[in-house]
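Spelled out from the first residue to the last, the chains are:
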Amino acid sequence: RVYSQNIDGLEHLAQLPTERLVECHGHFRTASCTRCGRSADDMDEIRKTVIEEQKAPTCRHCKGYIKPDIVFFGEGLPSHFHALLPRDVKTADCCLVLGTSLQVAPVSMIPDRVKRSTRRVLINREKVGTFPSRQFKEDLVELDECDESIRQVAQLLGWRKELEELYAQTQSS
């Protein structure tokens, strides 16, 4: 499963199946009322209110403020994060960590919560977290640009053509 701290929705645009994705810090695709919790009906209207009118959108039901379904500092993570993580760290046979500072808890603690027998792979510009660790004897660390490293991995696995085709699809969308 992919645990992403990105709020830009790139994993969603890449058509990662919903059941395989945990957007830990939420996303901008939807918005909800901060008072009554109802989902906003019309995201186009919300965008127009924010961008063109430069006002905070309000709920049609209770007049509370509408905010994107992202997690702001100090707010709790989505319930499915807490529901899925314990099982996922027990059953993962590989933990890929890509393009992160690994500074924001609790997501930053995921690589240290997997089983000691789980292979951990860091693809990043710099070492972060506990990479490499003596506790995880099979740690792999690739310090380079993520995009180029993923292209190399795809090449080694025979997936390069498929990766490039998927990339081209996202560029034309």
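Attention in this report is confined to the structure presented alongside it. Computed from a predicted structure; not experimentally measured.

Considerations on the overall build of the protein
Each helix and strand counted, the protein has six helices and seven strands in total. Helices and strands appear in the protein in the N-to-C order β-α-β-β-α-β-α-β-α-β-β-α-α. For the protein, the spread of C-alpha atoms along the principal axes amounts to about 55 × 35 × 25 Å. Sorting the 173 residues of the protein into buried and exposed places 31% on the buried side. In the protein, the proportion of contacts linking residues at least 24 apart, taken out of those at least 6 apart, comes to 45%. As displayed, the protein offers around 11900 Å² of accessible surface, 52% of which is attributable to carbon and sulfur atoms.

Some remarks on the packing of aromatic side chains
Scanning the entire structure with this criterion turns up one aromatic pair. With 5.8 Å between their ring centres and 85° between their planes, Y3 and F81 make a pair best called edge-to-face. One end of the pair, Y3, is in strand β1 (residues 2-4); the other, F81, is in helix α3 (residues 79-91), with 78 residues separating them in the sequence. Just as Y3 is buried, F81 falls in that class too. Over the aromatic face of F136 sits the side chain of R120, whose NZ or CZ is 3.9 Å from the ring centroid.

Considerations on a negative patch on the surface
Residues D42, E45, E52 and E53 make up a contiguous surface patch of negative charge. Relative to the helices and strands, D42 is located in the loop between β3 (26-33) and α2 (43-51).

Quick look at the environment of V153
Assignment of secondary structure puts V153 in helix α5 (residues 146-157). For V153 and S117, which are 36 residues apart along the polypeptide, the C-alpha to C-alpha distance reads 22 Å.

Thresholds applied
- Residues numbered from 1 in each chain as written.
- Predicted model: local features only at pLDDT ≥ 70, side-chain atom pairs only at ≥ 80, totals over all residues.
- Heavy atoms only, no water.
- Helix = DSSP H or I, 4+ residues; strand = E, 2+ residues; numbered from the N terminus.
- Buried < 20%, exposed > 50% of the residue type's maximum accessible area, 1.4 Å probe, protein only.
- Contact = heavy atoms within 4.5 Å.
- Areas by Shrake-Rupley, 256 points an atom, 1.4 Å probe, with all protein chains shown as cover.
- Phe/Tyr/Trp six-rings, centres within 6.5 Å; stacked < 30°, edge-to-face > 60°.
- Lys NZ or Arg CZ within 6 Å of the ring centre and 35° of its normal.
- Patch = residues over 30% accessible without salt bridge, like charges linked within 9 Å, V, L, I, M, F, W, Y side chains within 5 Å.
- Salt bridge = Lys/Arg side-chain N within 4 Å of Asp/Glu carboxyl O.
- Lys, Arg positive; Asp, Glu negative; His and termini not counted.
- Charge placed at Lys NZ, Arg CZ, Asp CG, Glu CD.

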